[in-house]
Each structure stands twice: as structure tokens, then as C-alpha cells.
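Results of the structural survey
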Amino acid sequence: MSETSRIAFGGRRAVPPNNSNAAEDDLPTLELQGVVPRGVNLQEFLNVTSIHLFKERWDTNKVDHHTDKYENNKLIVRRGQSFYIQIDFNRPYDPRRDLFRVEYVIGRYPQENKGTYIPVPIVSELQSGKWGAKIVMREDRSVRLSVQSSPECIVGKFRMYVAVWTPYGIIRTSRNPETDTYILFNPWCEDDAVYLDNEKEREEYVLNDIGVIFYGEVNDIKTRSWSYGQFEDGILDTCLYVMDRAQMDLSGRGNPIKVSRVGSAMVNAKDDEGVLVGSWDNIYAYGVPPSAWTGSVDILLEYQSSENPVRYGQCWVFAGVFNTFLRCLGIPARIVTNYFSAHDNDANLQMDIFLEEDGNVNSKLTKDSVWNYHCWNEAWMTRPDLPVGFGGWQAVDSTPQENSDGMYRCGPASVQAIKHGHVCFQFDAPFVFAEVNSDLIYITAKKDGTHVVENVDATHIGKLIVTKQIGGDGMMDITDTYKFQEGQEEERLALETALMYGAKKPLNTEGVMKSRSKVDMDFEVENAVLGKDLKLTITFRNNSHNHYTITAYLSANITFYTGVSKAEFKKETFDVTLEPLSFKKEAVLIQAGEYMGQLLEQASLHFFVTARINETSDVLAKQKSTVLTIPKLIIKVRGAQVVGSDMIVTVEFTNPLKETLRNVWIHLDGPGITRPMRKMFREIRPNSTVQWEEVCRPWVSGPRKLIASMSSDSLRHVYGELDVQIQRRPSM
């Protein structure tokens, strides 16, 4: 062994790590066994003159493998399924004396036992689950083969060679990038770990390149479209590059469990120079505000071209990009939104909200936060590493929240295991279980150091879990896939199972739960429009024959959607007198001027009302959020909506605020209609309208979407979208 190689491998391994799809080393064109006798011309043996891969969009290879949408002129096939190639020789092929085979190679250090060097034998019949090539046609000097890959094959970009055997050794074709072949996961193949048996689900979760993300608040659900763009030019190569950046060994890239876990770590940049930098502090200098992105394409292409993390993302952006990564590689995937999602910092299935004795929230002691909503992904796969029954949808989350095995990543965690409380199964099931199942506990921290549990709300967290419906833009409620209904026997059993596996610690409080109060309190926030006043109505109901006086406290805060408070913009204390068996309403006016100056990314207001009944010292507590209604962008089109024809797209925005908007960026995207683009307006004065026109030439027919977003220094999360039906180009 040479001095250099001994230094490189440290004596522990014969071959360096094979962890880059992009790195390559050519196979020799001649592998001779000894010296070729004088007078023998190797060119007289069977020689390859050309190879045809049938890789046009309309060719059967791409149509049958559902890869005809990829904007990529290489052959793209799905594993476990046969495809056709044709080899032209210098003379007619004679099976009695000629011997050749096709070879597929990936990475720089190919090894047959690692699946990175694949010699494909010529066989009389293809066998399910195995590599093989069957001659289906011989004509003159050409041979057509039906090649079948293994359903467990590595997913990536392979180099292809044809090797011919001679009495003196092997003659191999030289490296030709035109014959490079991408092999992807195959949800249409029963032997593949990602097999999905429903065609409508495959069309939605693998082939749909536009999605809907749900956000807002459980009583005011908002939607926005997202361009996944998994078929756009360069995206497939970028997804392979993401795995290269993770230095993921090529031999593991056929396993969807490993691929999705690596993806969940690499979509965030927290500890591995991954795709997106997260930012929740409302300061987005040197980057794009999370709300301005309209899809994944710009983000992924910028990551590959700059080789640096892209700024900035929040949960729905991480989920959108991760969904593109999964669908692009062929793993069925969807985005889910959990309303009132618990971020349990001490992992005890409790969200502890500490109150002062006067009812105010004690922000020093309150460490856990409840996100108004949180988006993560689900990926579909078998789980041979778990007991039978835990395959199917797996929760995977690329938003950097907690450390898992030394990196910021989460999942795949079996949704079925989470529902039944089997949180002992890898990966990160206790964390996801807590996000949807934690109890909200109000605790009074007394001045003498003791803690008294005032109230336990077991139904607040994981109130609603949704995803986009199949074949439409509506909402599908999937709460029952994560949890049983509150109060059911199965729900209690699932909680006890999670307890048994150590997911929940005993209630970390002193004292006993107080008995239920005779007074009920609730409040409503009217629909609030950005820049307008709004009213909050608190209702007290006395269910007893006693006379009560109540001291109530209202705290109104600007909050991040993660539940973290930025600033209290209003506080008010008032006294209420309640007659026996009566109710009383108190109205509080919130003026626009009180909240407008310090609004955050998502215009979310959080109200916390606590009330103390003076006669019994009972404390009542209730909290609610409201998301302000924000103006929309209007998109219009004119001209023929036909593939290859020019059409004019207009984006329009009217500033409804009483202040001038500055540094306004409008983003426009439409998969199959236009590449992502953006335009800046220095300022938009109050009540004035701006218009932006672009000429677009669609290249994909069928139902499409135009998506626009706007961000400025003081107003963000402004969206607009338009459904368009693009016609095929008329045949001449």
C-alpha cells in the first residue's frame, strides 16, 4: 500500500467512504488478462457503436415510470420496474459466441457487495426483485433489452457502461454522460418499501407539484398554496446534492427510513450547513422573510449554486422544502398542520403555565410554549425495523426544535405508534406524542415557594391536525390518525402505554387540584382586520346561589406564531359583581393604534384573561389567539392560456393602511407557467395601488396555479393566487 493511501484511511478500512453521488472514477475501457497476441485486433470482436435509452418525455420509459414530468433530458426510471434500452454493435449479435452485460455504477469507489457496482446479467426471463436484462428484440446489428432493477436499489444517478467479453479480457464502453440514468423510489412497485396501493393517493402525494399549507389559528384557519416544483429543472440534482452534503453513505440511499431522517436534518442549517436558516425574531436582514417564499424551487437552487444555507425559513417553509425533497426522490409525502402544538421543553407531556398570585403570567417560570400551529411532514414507507403494523405514514420534521442523536432532526416516527402510545419505537416518537397530547396546566406560584395547580386543560393541545385533501384544495381532518377521541377507553390506554414507556413524568406540582369553581368565564374576539379596531367580549356566568365579586385582568400581547410573546401592548384590570344565577358581559375595545406599531410576521394577537373570585380565592384562566385578516394580492391573466403561447400576468396590490409601505417585494411563481421571479417597489402610499405585468409562456398543460406573495418592512404574509387551466398546443 502506498504511503498516501495509508495516511488517508488510517489502517482501518480498505476503501474510503463512498458518500458522494457527484464524485466519480471511470471504469477502465480495457481489462486485459495478460498480453494480447500479435496480429489480434480487439476491434474485430463485438464492439458497441451506440446506446439508445428512449429518454424523451413521450417515450414509454418515462411514461410508464411516471417520470415524464421531470424537466431533465436524462433517463429517469423507478426501481423494481423494467425499462427498455437498445445497444447497436459493429456487427450482428450472436448469442452462441458473444457475451456482454450492462453495468451500473454510482460514486467513486464502487463495490458490488455495497450495491454501488451493479453488473446486470443477460437472462432468459426476468425475476421479480432482482436485477436482470432480457433480450426482447434482435434486428440486424441492434439488440433491444428489457432491464429490471432491484426494488431495493440505491436511489441516485448511476453511470452506465456496456462490457463485452473476449478471450483476452473485457472491452468496456467509455464514460458517456448521455447514458447516465437516475433511479428513484417506486410507489407503484409492490416490492418497494414506499409502495402505495391507491392511484389517487400516488397522484397526490408523489406527482402533485402544487400543495396547500394550512396556518393561522384553529378558529380562523388560513391557507396558502405552495409550489413544490419537484419536477423543475435542476431540482432532482439538488436533492441528490443535499444527501452528498450530508456525507450520507451511498449504500444507505435505498432505504427510505435513512433518506427521510437525513433529509429532516439537512433541510435545516442548524448544525450541518443544511438548506435553510430558521429565524423567528422578526429580523430578516441579509435574507428573504419566510412569508415571502412562494415555493421550494428558488430555495433549493440557491442552496446548490451558492453552496451556503439560504435565509430564512419558519416551519411551513421547512415543511414545503422537505416535501419537495421527498416527492422528488419518489417517497410519498404530505404536509400536516397541528393546531395548538406543544413544544415541551422538559419532555414531561405537560405545558406548565405559571401564574402570579394576582393572576398574571409568570414569564420567568413559564418555559414551555404552545405554537398556534406547527407544520411537519409525513412520509409513507414500511418499517421493517419496527413490529408489524407500524408502517404507513411516518412523521418527519425538519424544523430545528430539539436535538435528536446529536443533530437537529425529527423522525421518522410511526403515526400509528404515536396514536397507541408506543413511544419506545424509533425515531423521536415521544417528542411528536407530546406535540399532540400534552396537558395544559395552570399553576399558581405562591410567594412562599409552593405551587398550586389551578386548572388542567387536557383538550387544548393537538386540537386539530389537518392536511390537504386528495385531488382538491380543501382540508382533510386527520386528528384521529394521531390520537383517540378524548374520554374514550382507547385514549386512556394509549396515555397509560406512553406513561409506561416513560414519556410522562408525575405532575410536577405540590398541593391538590382545586375543586371546580361555581363561576365560569369565557371570552370571544371578534374577527379582526389589520389596521382596524376590534372588540373583545368576556362573559362571566354564576351557577350558584351566592353573590360574588371578581377582579379580572386582561393581558393583550403581540406573539410569534410559536406562542412566544414579543410585547404586551395592552393591559387592563376591572371589577365585576355577579348576582346569583346570573351572567355578565364585559367589552374591551382594542384600538388599531395600540397594536399596529409592533406587529410581527404573522399579525397574531394573543389575549390572556385571568380572574380571581374574591370570596373563594378561585382563579379562572383562559387564553385565545386571533390572526388579523390581511389584504390580498390580486392576480389577473389575459391572452391565450395555451402551452407555448404568450399570456400576460398582472399582479395588483392596494395598500389599505394609513402608513406608507417601504421596500416592498412582490414574488410571483407558477409551476409550468413561469419560473419564480420578483420585483421591488420602493414605496406604496396609503390607499394607492401598484401593478406588475409579466409575459409568461406556459410549458405544462392542465390545471395550474399562479401564486404571489408580498413583503415589506411593516407588512408581511400578503398572498394571492389564481387557478388557471392551460390548454394543450393545438396539433397542426
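The rules behind each value
Residues numbered from 1 in each chain as written. Predicted model: local features only at pLDDT ≥ 70, side-chain atom pairs only at ≥ 80, totals over all residues. Heavy atoms only, no water. Pairing = 2+ DSSP bridges. Helix = DSSP H or I, 4+ residues; strand = E, 2+ residues; numbered from the N terminus. Axes fitted to C-alpha atoms, helices over the stretch in contact; angles between N-to-C directions. UniProt positions renumbered as here; feature names shortened; annotations may be inferred. Contact = heavy atoms within 4.5 Å. Polar contact = N/O pair within 3.5 Å; in protein donor to acceptor, adjacent residues only side chain to side chain. Core = buried A, V, L, I, M, F, W, Y, C linked by side-chain atoms within 4.5 Å. Buried < 20%, exposed > 50% of the residue type's maximum accessible area, 1.4 Å probe, protein only. Parallel < 35°, antiparallel > 145°, perpendicular 65-115°, else oblique. Left-handed = near helix turned anticlockwise from the far one by under 90°. Nonpolar A, V, L, I, M, F, W, Y, C, P; charged D, E, K, R; others polar. Phe/Tyr/Trp six-rings, centres within 6.5 Å; stacked < 30°, edge-to-face > 60°. Salt bridge = Lys/Arg side-chain N within 4 Å of Asp/Glu carboxyl O. pLDDT = per-residue confidence, 0-100.

Re the sheet that holds strand S24 (residues 451-457)
Taking strand neighbours across the sheet as the criterion, the 3 strands line up as S17-S23-S24 in an open arrangement whose pairing is mixed. Single-partner strands in this sheet number two, and they are strand S17 (350-355) and S24. The mean inter-strand angle of the sheet, taken between neighbouring strand axes irrespective of direction, is 25 degrees. The pairing of S17 with strand S23 (residues 439-445) spans 6 bridges and is parallel. Each bridged residue has a counterpart across the sheet, and for Asp-352 the counterpart in S23 is Ile-441.

A short note on the UniProt feature "active site" (unreviewed entry) in the protein
Feature annotation in UniProt assigns "active site" (unreviewed entry) to the following positions: Cys-315, His-374 and Asp-397. For this annotated set, covering 83 residues, all C-alpha atoms fall within 9.9 Å of each other, a compact arrangement in space. Assignment of secondary structure puts Cys-315 in helix H7 (residues 315-329). If near-sequence neighbours (up to four positions away) are discounted, Cys-315 is found in contact with Trp-280, Trp-371, Tyr-373, His-374, Cys-375, Thr-399 and Tyr-561. Checked against the element boundaries, Asp-397 lands in strand S19 (residues 392-397). If sequence neighbours within four positions are ignored, Asp-397 has contacts with Ser-264, Phe-322, His-374, Cys-375, Trp-376, Arg-409, Cys-410 and Glu-435. Within the structure, the side chain of Asp-397 is placed 2.7 Å from the side chain of His-374, a separation counted as a polar contact.

A short note on the nonpolar core
Trp-316, Phe-325 and Leu-329 are the most contacted members of the largest nonpolar core, which has 79 residues in total. It is H7 that contributes the most residues to this core, 11 residues altogether. Contacts of Phe-325, omitting those with residues within four sequence positions, involve Cys-239, Val-242, Met-243, Val-259 and Gly-263. Within the second largest apolar cluster, 59 residues are counted, among which are Leu-534, Leu-633, Val-643 and Ala-708.

Details of the environment of Arg-144
Assignment of secondary structure puts Arg-144 in strand S8 (residues 142-148). We classify Arg-144 as partly exposed; its relative accessible area is 27%. Setting aside anything within four residues of it in sequence, one finds Arg-144 in contact with Phe-54, Ile-85, Gln-86, Lys-134, Ile-135, Val-136 and Met-137. A distance of 3.1 Å separates a polar atom in the side chain of Arg-144 from a polar atom in the side chain of Gln-86.

Here's the deal with the packing of helix H5 (residues 256-266) against H7
Following both chains from N to C, one finds H5 and H7 inclined at 155 degrees, their axes separated by 10 Å at the closest point. Classed by the angle they form, the pair H5 and H7 counts as roughly antiparallel. Like other packed secondary-structure pairs, H5 and H7 cross with a definite hand, here right-handed. Of the residues in H7, those touching H5 at Val-259, Ser-260, Gly-263 and Ser-264 are Phe-322, Phe-325, Leu-326 and Leu-329. For the contact of H5 with H7, the per-class residue count stands at 5 nonpolar, 3 polar and no charged.

Re the packing of aromatic side chains
All chains considered together, the criterion is met by 19 aromatic pairs. Ring centres 6.2 Å apart and planes at 25 degrees place the aromatic pair Phe-89 and Tyr-93 in the stacked group. Classification of Phe-89 as buried rests on a relative accessible area of 2%. With a centroid separation of 5.3 Å and an interplanar angle of 80 degrees, the aromatic rings of Trp-380 and Trp-393 are classed as edge-to-face. Of this pair, Trp-380 sits in strand S18 (residues 369-381) while Trp-393 sits in strand S19, and the two are 13 residues apart along the sequence. Judged by its relative accessible area of 23%, Trp-380 falls in the partly exposed class.

A few points about the packing of helix H4 (residues 235-245) against helix H6 (residues 297-306)
The N-to-C vectors of H4 and H6 enclose an angle of 55 degrees; their axes lie 10 Å apart at closest approach. When the interaxial angle is binned, H4 and H6 end up oblique. Both H4 and H6 take part in a crossing whose hand is left-handed. Here Ile-235, Asp-237, Thr-238, Tyr-241, Val-242 and Arg-245 of H4 come into contact with H6, specifically with Val-297, Leu-300, Leu-301, Tyr-303 and Gln-304. When its residues are assigned to classes, the contact of H4 with H6 shows 7 nonpolar, 2 polar and 2 charged.

Some thoughts on helix H3 (residues 199-207)
All buried positions along H3 are accounted for by Arg-202, Glu-204, Tyr-205, Val-206 and Leu-207. The inward-facing, buried residues of H3 abut strand S3 (75-78), H7, strand S16 (333-343), S19, strand S25 (464-468) and strand S26 (475-477). Residue Asn-198 occupies the N-cap position of H3, its side-chain oxygen lying 2.9 Å from the main-chain nitrogen of Lys-200.

A few points about the pattern of salt bridges
A complete count under the given rule lists 32 salt bridges for this structure. Across the pair Asp-94 and Arg-97 runs a salt bridge, and its minimum N-O distance is 3.7 Å. Residue classification places Arg-97 among the exposed residues on the basis of a relative accessible area of 58%. The residue Arg-172 makes a salt bridge to Glu-103 at a minimum N-O spacing of 2.6 Å. Taken together, the residues Arg-172 in strand S10 (residues 169-172) and Glu-103 in strand S5 (residues 99-105) connect sequence positions 69 residues apart. Under the relative-accessibility criterion, Arg-172 is labelled buried at 8%.

A word on the confidence of the model for the protein
Across the protein, the average pLDDT comes to 90, with 94% of residues at 70 or higher. When the criterion is pLDDT under 50, residues 1-8 qualifies, and its contacts beyond four places in sequence or with other chains add up to 2 contacts. Counting contacts from residues 508-512, a segment whose pLDDT is below 50, to residues more than four positions away or on other chains yields 9 contacts.

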